[in-house]
Amino acid sequence: QVQLVESGGGLVQAGGSLRLSCAASGRTFSSSYAMGWFRQAPGKEREFVAAASWSGRSTHYTDSVRGRFTISRDNARNTVFLQMNSLKPEDTAVYYCAAGSSSIYAINTHDYSYWGQGTQVTVSS
């Protein structure tokens, strides 16, 4: 089992930045090939945001955040990060950390085995 705990959410004005963290514990962190971030806005389905390979050298982003968000991971600290810059009101959602996918290009929720509890990000206009 892998336990994931997100932190770093909050309220920010449009154009601002936030950095989300996801601390993992349980089974060997590095054995989870891809770590990802998803988000879910009110009344919408959970959607893929970004993923990183075990080394962190390979990353994948959904089009709406590419160039604004950066995913990174520190396996020594069992942590994955999501740096979010130039935030927009449409980025408002609960952000979830996920683990257990075999590919950074897997964008469906069923591709991931483990999930955190989520952290709220609210961007005001």
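Residues numbered from 1 in each chain as written. Predicted model: local features only at pLDDT ≥ 70, side-chain atom pairs only at ≥ 80, totals over all residues. Heavy atoms only, no water.

## What about the overall build of the protein?
Moving on, step 1. When helices and strands are counted, the protein shows 0 helices and 11 strands.
Moving on, step 2. Going from N to C terminus, the protein has its helices and strands arranged as β-β-β-β-β-β-β-β-β-β-β.
Moving on, step 3. Computed over its C-alpha atoms, the radius of gyration of the protein comes to 13 Å, within 12% of the 14 Å expected for a compact globule of 125 residues.
Moving on, step 4. By principal-axis analysis of the C-alpha atoms, the protein measures approximately 40 × 25 × 25 Å. (Helix = DSSP H or I, 4+ residues; strand = E, 2+ residues; numbered from the N terminus. Rg over C-alpha atoms; globule rule 2.2 N^0.38 Å.)

## A look at the nonpolar core
Moving on, step 1. Formed by 27 residues in total, the largest nonpolar core has its most connected members in L4, W37, L82, M84 and Y95.
Moving on, step 2. For this core, the secondary-structure elements that each account for two or more residues are β1 (2-7), β3 (18-26), β4 (34-40), β5 (47-52), β7 (69-74), β8 (79-84), β9 (93-101) and β11 (119-124).
Moving on, step 3. When neighbours within four sequence positions are excluded, L82 is seen to be in contact with L18, R19, L20, W37, V49, A50, F69, T70, I71 and Y95.
Moving on, step 4. F38, F48, A51 and A98 belong to the second largest nonpolar core, which has 7 residues in total. (Core = buried A, V, L, I, M, F, W, Y, C linked by side-chain atoms within 4.5 Å. Buried < 20%, exposed > 50% of the residue type's maximum accessible area, 1.4 Å probe, protein only. Contact = heavy atoms within 4.5 Å.)

## Structural notes on the packing of aromatic side chains
Two aromatic rings, taken as a pair, are described by how far apart their centres are and by the angle between their planes.
Moving on, step 1. Summed over all chains, the structure comprises 4 aromatic pairs.
Moving on, step 2. Ring geometry for F38 against Y112: centres 5.2 Å apart, planes inclined by 80°, an arrangement best described as edge-to-face. Here the residue F38 occupies a position in strand β4, and Y112 occupies one in the loop between β9 and β10 (114-115), the gap between them amounting to 74 residues. Accessibility classification places F38 together with Y112 in one group, the buried group.
Moving on, step 3. Here the aromatic cluster, defined as three or more aromatic residues joined through ring pairs, consists of F38, F48, Y112 and W115.
Moving on, step 4. Across from the ring centre of Y96, 3.6 Å away, lies the NZ or CZ of R46, which sits over that ring.
Moving on, step 5. Taking the ring centre of W115 as reference, the NZ or CZ of R46 above it sits at 5.0 Å. (Phe/Tyr/Trp six-rings, centres within 6.5 Å; stacked < 30°, edge-to-face > 60°. Lys NZ or Arg CZ within 6 Å of the ring centre and 35° of its normal.)

## What about the pairing of β9?
Moving on, step 1. In terms of residue burial, β9 counts as a mostly covered element, since 7 of its 9 residues are buried.
Moving on, step 2. The sheet contact formed by β4 and β9 spans 7 bridges and is antiparallel. Opposite R39, over in β9, you have Y95 as the bridge partner.
Moving on, step 3. Strand direction decides the pairing type here: β9 and β11, joined by 3 bridges, are antiparallel. Paired with A93 across the bridge in β11 is V121. (Pairing = 2+ DSSP bridges.)

## A look at the state of the cysteines
Moving on, step 1. Taken as a whole, this structure holds 1 disulfide when the rule is applied.
Moving on, step 2. The disulfide bridge from C22 ends at C97, spanning 2.1 Å between sulfur atoms. Handedness here is read from the sign of the S-S torsion; for C22 and C97, about -80°, the answer is left-handed. Within this pair, whereas C22 is found in strand β3, its partner C97 is found in strand β9, the two being separated by 75 residues in sequence. Neither C22 nor C97 differs from the other in exposure class; each is buried. (Disulfide = S-S within 2.5 Å.)

## Let's talk about unusual backbone geometry
Moving on, step 1. At N78, a position not held by glycine, the phi torsion is positive, near 50°.
Moving on, step 2. Among the residues examined, N78 registers a relative accessible area of 29% and is labelled partly exposed.
Moving on, step 3. Here the phi dihedral of S86 falls at roughly 50°; this positive angle occurs in a residue that is not glycine.
Moving on, step 4. Counting through the fold element by element, S86 comes out in the loop between β8 and β9.
Moving on, step 5. We classify S86 as partly exposed; its relative accessible area is 41%.

Interpretation note: all reported values are geometric properties and have no functional meaning in isolation.
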